[in-house]
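Here is what each chain is made of, one letter per residue.
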Amino acid sequence: MKIILFGPPGAGKGTQASLIQKNYNIPHLSTGQIFREAIGNETELGKKVKSILDSGDLVPDQTVVDLVAEEIMKDQYAKGYILDGFPRTVAQAEAFDEILANQNDALDAFIFLKVPEEELVKRILSREDGRTDDTEEGVKKRLAVYYKETRPVKEYYEENGTVYEVDGTGSIDEIFSRIQSVLDN
Ligand code: AMP
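Bear in mind the structure is a predicted one, so any value in this text is a computation, not a measurement.

A. Representation of the packing of helix H5 (residues 90-102) against helix H7 (residues 136-160) in the model. At a closest axis distance of 8 Å, the pairing of H5 and H7 adopts a crossing angle of 45°. Judged by the angle between their axes, H5 and H7 are oblique. Counting all contacts with H5, which are made through Val90, Ala93, Glu94, Phe96 and Asp97, the residues of H7 involved are Glu149, Pro152, Val153, Tyr156 and Tyr157.

B. Representation of the sheet that holds strand E3 (residues 81-84) within the structure. Taking strand neighbours across the sheet as the criterion, the five strands line up as E2-E3-E1-E4-E5 in an open arrangement whose pairing is parallel. Here the strands that pair on one side only, and so sit at the sheet edges, are strand E2 (28-30) and strand E5 (163-167). If you compare each strand with its neighbour and ignore which way they point, the axes differ by 25° on average. Relative to E5, strand E4 (residues 109-114) runs parallel, the two being bridged by five bridges. What sits directly across from Lys114, in E5, is Asp167.

Rules behind the numbers
- Residues numbered from 1 in each chain as written.
- Predicted model: local features only at pLDDT ≥ 70, side-chain atom pairs only at ≥ 80, totals over all residues.
- Heavy atoms only, no water.
- Axes fitted to C-alpha atoms, helices over the stretch in contact; angles between N-to-C directions.
- Helix = DSSP H or I, 4+ residues; strand = E, 2+ residues; numbered from the N terminus.
- Parallel < 35°, antiparallel > 145°, perpendicular 65-115°, else oblique.
- Contact = heavy atoms within 4.5 Å.
- Pairing = 2+ DSSP bridges.

This is the structure in structure tokens:
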């Protein structure tokens, strides 16, 4: 199964993607996580994207698309994946569609986790893993980038397929059971 888990920063994409991975045995592919690991390991990619992640801006589309195209060719993703944090621009969504079409493949579900903005800021600032970009300024910047660059991706999928909107408020388990009812149907 190929799933895009979409939503604003702080919507709980990472948490829910991990739960989907555990319960459905579908690997979680987070572009943000790949970038953070690259930064931690001081690889070429890490050096290239560090200041971008620190500022809350987006990594250039071509870099991300190349990375995802390469990543999903790995054996571990042969049966599917949950994308978390990608696509984040309409250009990335178009490029991803093309990659899937070239593989004679298609997306199974686009899930939008809906959470009110006040709740997002609160959640990010209380995140336990304490990411270096989780400052109040960083959060505001990432939300602004989300509304300008990323939110249109949802409209793109609404025009080209089906978007499953899931209420992203409540407990982690409540949200996960809403996702399960989408995936099981
Ligand atoms: P995330 O872990 O998804 O919140 O991503 C953390 C940061 O990584 C973002 O603020 C961006 O700088 C970068 N990033 C992750 N995924 C993408 C993407 N698909 N396109 C551009 N930048 C990305």
